[in-house]
Every structure is written in structure tokens, then in C-alpha cells.
Amino acid sequence: MLEDLTSIDSLGYEALKKALNQRVVVNKVRLLPSSVNRVWLVETDVRPIVLKKFFSRKSGTEFETLVRARAAGLAVPFPLWKEGDYIVLEYIDGETCDRMINHMLSSEVAESLGVWMGGFHEKLEDGGTKTIIGDAALSNFILSEGVVYGIDLEDSREGEPLDDVGDLASSILGSEPFFTPIKFDLCFKMIRAYERTTGADAMERVRPYIAKHLRLDARNRPLFRRTLVAASKSLEKGWPRLA
């Protein structure tokens, strides 16, 4: 008999009980979008929380990074408990930043993303070694009550910070509406906010990383492959001249 991967098993419910340190009454469970793992919004008689079951074997990485980020004062969900491949997190109610950028075209959110990213790289540095997010797509950030939160840190690792900035910039530019002047403006605002936060010169140095991530994205988006590859080649030469 096939396992029902959409349902919470006994280990998941045990993690919920330990996270809230008491017997809980589950009122409602809703499956949230995730391309790799299973993520549920669980409404209990105590408060709503997020339960995440990892198939990527990266639960320890995400939990540890969340603990470090919270201790450093970064806006991330509070990690409540880890049990096997499950972690239990604080639920952050808000709008995803892909909606705020691609539909609302929010300059404030673009700048807040740059500030958050800069803070992550600066505050999680250890002996000169930088921790990067590893997957800086817009969908991995939420705006809640005017604050940007990073919500998916399972791919965090040691690495080059500009790779994160390039990943985030490519997510801004390479989502509809594609490569419009206002999208470039939002991208520039994010990068400049990152520069102000870190004191690093990133505007020119980040271009190869943006080009790299556009090419990587093109592999998984055949309908837009030609557009993304052409933009990647153009950015390797320089920033476009915008009217």
C-alpha cells in the first residue's frame, strides 16, 4: 500500500505536541506549496504553526540556520522543535515577496530584501567564512507587517555571498514581467540596499552571478529558455542602457 505523503503521521503529531509543550487540539490542517518537502499550516487551539517534513535530508541544516539567524536578530520564523525529519516553526502570516515584486512592483520590498540579505551575510559570518542562503528565490521571502522574513533556509551553506545576490536579482528580473525597465530599477534598488548594509561594492561584481542563475533557471523553464539565455548573454557584457 502506498504511503499517503499528504497526511501528517504519528511522528509529525508528536513533534507538534513537543513544540507546544502540551496536549494540542488540531482544528485544521492545510498543505502549503513546496517543490521538495511537505509543509503544513496547522491551526491548533494554542496558535497556528508550520510543520515541515523533509525529503531532502536537510532538516538539521534548516533548523540550525534558523537558530543562528534568530540569535543574530534576523527576521526568520522561530524554530520551535526538531524531531527526525520534521521541524516545527512559527507561522508568519503575510504576502510572498514574489507577489510584492511581480504584481505590486514595490520599491520598499526590493530595498528590504537587499537589507535582509546583507544582514544575513554579515551577521552569520564565522571567522571570515560567510554563510549563504543557497536558494534566494523571491518565493522564499514573506512580507509581514512591513518586515521581510526569510522562510526557507534548508540550502544554506558556506559560500560566496554574491551568488545569493545574483540568485535574488535573477529571480526579480527573470519573472513576469520579464526584464522591463521597472524590473531593472527594482533589481538596482535591492543591490544598492545590499551595498549600504554590507559596505561592499556589488553592482558590477554581481553581474556574472545574475547571468549564471538566469542560465540555470532556463534549464527548468523551456517556454522561456531563449529569453532567459539571451538576457544572460547580454548581462555578461554589461548592464543595459535604460531610457
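Refer to the preceding data block for the structure.
None of the values given here were measured: they were computed from a predicted structure.

1. Digging into the packing of helix α5 (residues 161-173) against helix α7 (residues 207-219)
Here's step 1: The contact between α5 and α7 brings their axes to 8 Å, and the two run at 60°. Judged by the inter-axis angle, α5 sits oblique to α7. Of the two possible hands of crossing, α5 and α7 adopt the one that is right-handed. Across the interface between the two elements, Leu162, Asp163, Gly166, Asp167, Ala169, Ser170 and Leu173 of α5 pack against Tyr209, Ile210, Lys212, His213 and Leu214 of α7.
Here's step 2: Of the residues in the contact of α5 with α7, the class split is six nonpolar, three polar and three charged.

2. A closer look at the packing of α5 against helix α6 (residues 181-198)
Here's step 1: In contact at an axis separation of 9 Å, α5 and α6 are set at 155° when each is read in the N-to-C sense. With respect to each other, α5 and α6 are oriented roughly antiparallel. When you trace α5 past α6, the crossing you get is right-handed. Together, Pro161, Val165, Leu168, Ala169, Ile172 and Leu173 of α5 and Lys183, Phe184, Leu186, Cys187, Met190, Ile191 and Tyr194 of α6 make up the contact between the two elements.
Here's step 2: Of the residues that constitute the contact of α5 with α6, the class distribution is twelve nonpolar, no polar and one charged.

3. Structural notes on the side chain of His213
Here's step 1: Here His213 shows up in helix α7.
Here's step 2: Residues within four places of His213 in sequence aside, it is in contact with Asp163, Gly166, Asp167 and Ser170.

4. Re the nonpolar core
The nonpolar side chains of soluble globular proteins are, as a tendency, buried together.
Here's step 1: The biggest cluster of nonpolar side chains holds 56 residues, and the ones touching the most others in it are Leu113, Trp116, Phe141, Ile191 and Trp239.
Here's step 2: With seven residues, the top contributor of residues to this core is α6.

5. Section: the sheet that holds strand β3 (residues 48-53)
Paired through their backbone hydrogen bonds, the strands of a sheet run either parallel or antiparallel.
Here's step 1: Strands sit in the order β1-β2-β3-β5-β4 across an open sheet of five strands; the sheet is antiparallel. The open sheet terminates on both sides in strands that have one partner only, identified here as β1 (26-32) and β4 (79-83). Neighbour to neighbour, the strand axes of the sheet diverge by 20° on average, direction disregarded.
Here's step 2: Packing of helix α1 (residues 10-20) onto the sheet brings it into contact with β1, β2 (38-44), β3, β4 and β5 (86-90), and relative to β4 it is tilted by some 140°.
Here's step 3: Across the face of the sheet, helix α2 (residues 59-71) comes into contact with β3, β4 and β5 while running at roughly 155° to β4.

6. Examining the side chain of Ser106
Here's step 1: Along the chain, the position of Ser106 falls in the loop between α3 (97-102) and α4 (107-123).
Here's step 2: We classify Ser106 as buried; its relative accessible area is 11%.
Here's step 3: Here Glu108 takes part through its side chain, which lies 3.4 Å from a polar atom of the side chain of Ser106.
Here's step 4: In this view, Ser106 contacts Met100, Ile101 and Leu186; residues no more than four positions away in its chain are not counted.

7. Notes on the sheet that holds strand β8 (residues 141-144)
Here's step 1: Here we have three strands laid out as an open sheet, ordered β6-β8-β9, and antiparallel in their pairing. Looking at which strands have only one partner, the edges of the open sheet turn out to be β6 (95-96) and β9 (147-150).
Here's step 2: Two elements, β6 and β8, share two bridges in a ladder whose sense is antiparallel. Note on β8: the bridge partner recorded for Glu95 is Leu143.
Here's step 3: Its contacts with the sheet place α4 against β8 and β9, and it is angled at close to 50° to β9.

8. Re the layout of surface pockets
Here's step 1: Of the voids in this model, the largest pocket is the one considered here, and its volume is about 800 Å³.
Here's step 2: As for the largest pocket, its lining consists of 28 residues, of which Pro33, Ser139, Asn140, Ile151 and Asp152 are closest to the centre.
Here's step 3: Among the elements of the structure, β1, β2, β3 and β5 are those that each provide at least two residues to the lining of the largest pocket.
Here's step 4: Of the residues assigned to the lining of the largest pocket, the class counts are twelve nonpolar, eight polar and eight charged.
Here's step 5: Taken together, 17 residues make up the lining of the second largest pocket; nearest its centre are Asp135, Asp167, His213, Leu216 and Asp217.

Conventions and cut-offs
Residues numbered from 1 in each chain as written. Predicted model: local features only at pLDDT ≥ 70, side-chain atom pairs only at ≥ 80, totals over all residues. Heavy atoms only, no water. Axes fitted to C-alpha atoms, helices over the stretch in contact; angles between N-to-C directions. Helix = DSSP H or I, 4+ residues; strand = E, 2+ residues; numbered from the N terminus. Parallel < 35°, antiparallel > 145°, perpendicular 65-115°, else oblique. Left-handed = near helix turned anticlockwise from the far one by under 90°. Contact = heavy atoms within 4.5 Å. Nonpolar A, V, L, I, M, F, W, Y, C, P; charged D, E, K, R; others polar. Core = buried A, V, L, I, M, F, W, Y, C linked by side-chain atoms within 4.5 Å. Buried < 20%, exposed > 50% of the residue type's maximum accessible area, 1.4 Å probe, protein only. Pairing = 2+ DSSP bridges. Polar contact = N/O pair within 3.5 Å; in protein donor to acceptor, adjacent residues only side chain to side chain. 1 Å grid on protein atoms, 1.4 Å probe; cavity = no way out; pocket = protein on both sides within 12 Å on 5 of 7 lines; lining within 4 Å. Points joined across faces, edges and corners; volume = space filled by probe spheres on them.

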